[in-house]
Amino acid sequence: MDVPEVLDVIKRVTGAGYRLNHSYTIFRWNQGATGLHMGGTPMRANAQYRVHNGQMFSPLTKAVFPLLPCEPDDGCFAAIPGSHKSNFPRPWDDDPDRNLPLRPILAAPGDAIIFTEATTHGSRVNTSGRPRRTLYYCYSIDWMPDWTSQGLTYSNGIGELLNAEQIELIALKSGSGRQTIRGSSEETSSVNSGHR
Ligand SMILES: O=C(O)CCC(=O)C(=O)O
């Protein structure tokens, strides 16, 4: 959750305080694929990409960590280059096989792929039958709550497993600046103390 090289990038593109918004894993096997989603258009306040005078801004940025070797036919992560700047909707449906500009992004265990959520992304189709296992760590501006529709919550006792910096990293900063992380020995109070 706090690989320094990854956080350096997150810090640079988030431009202000940031937090680990959520994390998950994806497991794919025979014919499994992630349908394509996102892109510069339609514009979304919580997943956009902008650059002004050399300053990039991405309010939601993800790091993908492959746990197994992953070739294109294993259904590897894939994206459409430049789609985060698109001023027009993607003209195709969400099927990876029907989006010709889709490119496999190859990465091995030990690598990380970092991308703005505004990029059109998904995966290639797993036709090899070999399993694909991947971890995702999703960083947002520090006042963005869980942005999924899944009602995510902190795992019970997570505060006991993390150090103070890691608790700060997952804390949601709000107007009141205070949110309890269950299992933590102390409440997280974090107004204006976000990572810079
Ligand atoms: O790696 C994949 O299968 C796609 C992941 C994805 O679409 C996402 O994390 O939003």
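For the structure, see preceding data.
Please read all numbers here as calculations on a predicted model, not as lab measurements. Counting restarts for each chain: residues are numbered from 1 in the order of the written sequence. Where totals are concerned, whole chains, interfaces and linings use all residues; where local detail is concerned, this predicted model gives features only for residues with pLDDT of at least 70, and gives and counts side-chain atom pairs only at 80 or more.

(A) Region of interest: the nonpolar core. Any nonpolar core is a set of buried residues, restricted to Ala, Val, Leu, Ile, Met, Phe, Trp, Tyr and Cys, that join up through C-beta atoms within 7 Å. Counts of 20 or more other C-beta atoms within 10 Å of a residue's own C-beta define buried residues, counts of 12 or fewer define exposed ones, and intermediate counts define partly exposed ones; C-beta atoms are placed from the backbone. Grouped together as the largest cluster of nonpolar side chains are 28 residues, with contacts concentrated most on Ala78 and Tyr139. Note on conventions: DSSP H or I runs of at least 4 residues are helices, E runs of at least 2 residues are strands, and numbering of each starts at the N terminus. Listed by contribution, the elements that provide at least two residues to this core are strand E1 (18-28), strand E4 (60-66), strand E5 (77-79), strand E9 (132-141) and helix H3 (164-170). When residues of this core are assigned to their parent elements, the largest contribution, four residues, is made by E9. Taken domain by domain, the makeup of this core includes at least three residues from each of domain 1 (4-152) and domain 2 (154-196). The residues touching Ala78, leaving out its near neighbours within four places in the chain, are Pro96, Leu102, Arg103, Pro104, Ile105, His121, Gly122, Ser123 and Arg124. For the purposes of this description, domain bounds are those given by an automatic or database domain assignment. For every residue pair, C-beta atoms are placed from the backbone, and the pair is scored as a contact if these atoms sit within 7 Å.

(B) Highlighting the site of the ligand. Taken together, Ile26, Thr34, Lys62, Phe77, His121, Gly122, Ser123, Thr134 and Tyr136 form the complete shell of residues around the ligand. Secondary structure elements with two or more residues in the shell around the ligand: strand E8 (121-123) and E9. Per-element accounting of the shell around the ligand gives the leading share, three residues, to E8. Gly is put with the polar residues, along with every residue not named as nonpolar or charged; the nonpolar set is Ala, Val, Leu, Ile, Met, Phe, Trp, Tyr, Cys and Pro, and the charged set is Asp, Glu, Lys and Arg. Tallied by class, the residues present in the shell around the ligand amount to three nonpolar, five polar and one charged. We call a residue near a molecule or strand when its C-beta atom, built from the backbone, sits within 6 Å of it.

(C) Up close: the pairing of E4. The buried fraction of E4 is high, at six of seven residues. Two strands form a pair only when DSSP identifies at least two bridges running between them. Bridge analysis of E4 against E9 gives seven bridges, and the strand direction is antiparallel. Bridging across to E9, Val64 finds its partner in Tyr136. With four bridges connecting them, E4 and strand E7 (residues 113-116) associate as antiparallel partners. For Ala63, the partnering residue across the bridge sits in E7 and is Ile114.

(D) Inspection of the environment of Met1 at higher detail. Looking at where Met1 falls in the secondary structure, it is placed in the segment before helix H1 (4-14). As a C-alpha pair, Met1 and Leu20 span 19 residues in sequence and 7.4 Å in three-dimensional space. With residues up to four places along the chain from it excluded, the contact list for Met1 reads Leu20, Ser23, Tyr137, Gln166 and Leu169.

(E) View of the sheet that holds E4. Ordered in space as E1-E9-E4-E7, the four strands form an open sheet in which the pairing is antiparallel. Taken across any chain shown, the strands that pair with only one partner, and hence form the sheet edges, are E1 and E7. Looking at each pair of strands side by side, their axes are set apart by 20 degrees on average, direction ignored. Each axis is a line fitted through C-alpha atoms, and for a helix only the stretch in contact is used; angles between axes span 0 to 180 degrees, taken between their N-to-C directions. Where H1 meets the sheet, it contacts E1, E4, E7 and E9, and its direction lies at approximately 160 degrees from that of E4.

(F) Examining the sheet that holds strand E6 (residues 103-104) more closely. Sheet architecture is open: three strands sit in the order E6-E5-E8, paired in antiparallel fashion. The open sheet has two edge strands, E6 and E8, and neither has a second partner. Both E5 and E6 contribute to a ladder of two bridges, which runs antiparallel. What sits directly across from Ala79, in E6, is Arg103.

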